Amino acid sequence: MNGFKRIVGATLAALLSLCATAALADTVVLTGYAGIFQENYTKAVVEPFRKAHPDIQVEFHASPNSAQMLGTLRAQAGAPQIDIVIMDVSVAKAATAEGLLAPIDETVTRHLGDLYPQARVEGVNAVGVTFDNLVLLHNTDKVRPAPTSWNALWDARYARQVSIPAVPDIQGIALTIIADKMAGGTSQGNRMKASGLLG
């Protein structure tokens, strides 16, 4: 099984696990990222699940980022309305610490054993469904020559034209660690790695 199929298979297993523990609920409410993520995830995971289990409805509620998802989970803590949430591991760690995520029942499905070890973070009641990459994108018509370093983010020529995801978004955390290292620091990255926020 290749990496992508492992991820999709494990994600399907997560839906199956939830439904099994909820005595095959009529509706499963899934919250995840909006846009292209929702489109691809619906095609790769939700639609095959619906086809295999036509008696179970899956409602996909899109959210722009993990911080907003965490806020929604907190607001619903007394009366949860979300069954499954796909969020950054850094935010899932906070949600676990606050008791907002139930532990995964490892006995429900064999597919969890197909995951890469990096899909699990100690102290997080969740498993990874994607591996993210932090990349520097630029408009090839306006930015010449192409950037060859993260230093381009601080180039005065691009003032007020740079967009960066903020913490607690996992991209914001990764960029914070990179910037810390560029400035000569090491402690921030080591602390985040030790706390499980970075693999």
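Refer to the preceding data block for the structure.
Quick notes on the rules
- Going along each chain's sequence as written, the residues are numbered from 1 onward.
- pLDDT decides what is reported in this predicted model: residues at 70 or higher carry local features, side-chain atom pairs at 80 or more are listed and counted, and totals for whole chains, interfaces and linings draw on all residues regardless.
- Think of the side-chain values as coming from all heavy atoms in the structure, minus any hydrogens and water.
- Only one rule defines a salt bridge in this text: a Lys or Arg side-chain nitrogen within 4 Å of an Asp or Glu carboxyl oxygen.
- Secondary structure elements follow DSSP: runs of H or I of four or more residues count as helices, runs of E of two or more count as strands, with numbering from the N terminus.
- Three exposure classes are used, based on accessible area relative to the maximum for each residue type with a 1.4 Å probe and protein chains only: buried under 20%, partly exposed in between, and exposed over 50%.
- By definition, residues are in contact when any of their heavy atoms lie within 4.5 Å.
- Angles shown run from 0 to 180 degrees and are taken between the N-to-C directions of axes, each axis being a line fitted to C-alpha atoms and, for helices, limited to the stretch in contact.
- For classification, angles of less than 35 degrees are called roughly parallel, those exceeding 145 degrees roughly antiparallel, those between 65 and 115 degrees roughly perpendicular, and all remaining angles oblique.
- Should the near helix be turned anticlockwise from the far one by less than a right angle, the crossing is left-handed, and should it be turned clockwise, the crossing is right-handed.
- Gly falls in the polar group here, along with every residue not listed as nonpolar (Ala, Val, Leu, Ile, Met, Phe, Trp, Tyr, Cys, Pro) or charged (Asp, Glu, Lys, Arg).
- By the convention used here, strands pair only if DSSP detects at least 2 bridges between them.

**Q** Help me understand the pattern of salt bridges, please; the structure alone is not making it clear to me.
**A** Oppositely charged side chains are able to pair whenever their charged atoms sit close together. Applying the stated criterion to the full structure yields two salt bridges. Across the pair Arg 74 and Glu 98 runs a salt bridge, and its minimum N-O distance is 2.6 Å. Remark: Glu 98 occurs in the loop between α4 (89–97) and α5 (170–182) and Arg 74 occurs in helix α3 (residues 66–75); sequence separation between them is 24 residues. The class for Glu 98 is partly exposed, based on a relative accessible area of 39%.

**Q** Is there a simple way to explain α4 in this structure?
**A** An α-helical segment advances 3.6 residues per turn. Residues three or four places apart therefore align on the same side. For α4, the complete set of buried residues consists of Ser 90, Val 91, Ala 92, Ala 95 and Thr 96. As for α4, its buried residues are in contact with α3 and α5. Taken from the residues just after α4, Gly 99 is the one with a positive phi, measuring 75 degrees.

**Q** Help me out: how do you make sense of the packing of α3 against α4 in this one?
**A** For any two helices packed against each other, one specifies the crossing angle of their axes together with the interaxial distance. With their axes 9 Å apart at the nearest point, α3 and α4 run at an angle of 15 degrees to one another. Viewed along their axes, α3 and α4 adopt a mutual orientation that is roughly parallel. Crossing hand, α3 versus α4: right-handed. The segment α3 lies against α4, with Ser 66, Leu 70 and Leu 73 engaging Val 91, Ala 94 and Ala 95. Looking at side-chain class alone, the contact of α3 with α4 contains five nonpolar, one polar and no charged residues.

**Q** For this particular structure, what's the right way to read the sheet that holds strand β1 (residues 27–33)?
**A** Adjacent strands of a sheet pair through backbone hydrogen bonds, lying either parallel or antiparallel. Reading across from one edge, β2-β1-β3 is the order of the three strands in this open sheet, with parallel pairing throughout. The open sheet terminates on both sides in strands that have one partner only, identified here as β2 (57–63) and β3 (84–85). As paired strands, β1 and β2 are joined by seven bridges and run parallel to one another. Directly across from Val 29, in β2, lies its bridge partner Glu 59. Each of β1 and β2 touches helix α2 (residues 36–52); the most contacted strand, β2, lies at about 170 degrees to it. Sheet contacts for α3: β1, β2 and β3; angle to β1, the most-contacted strand, approximately 145 degrees.

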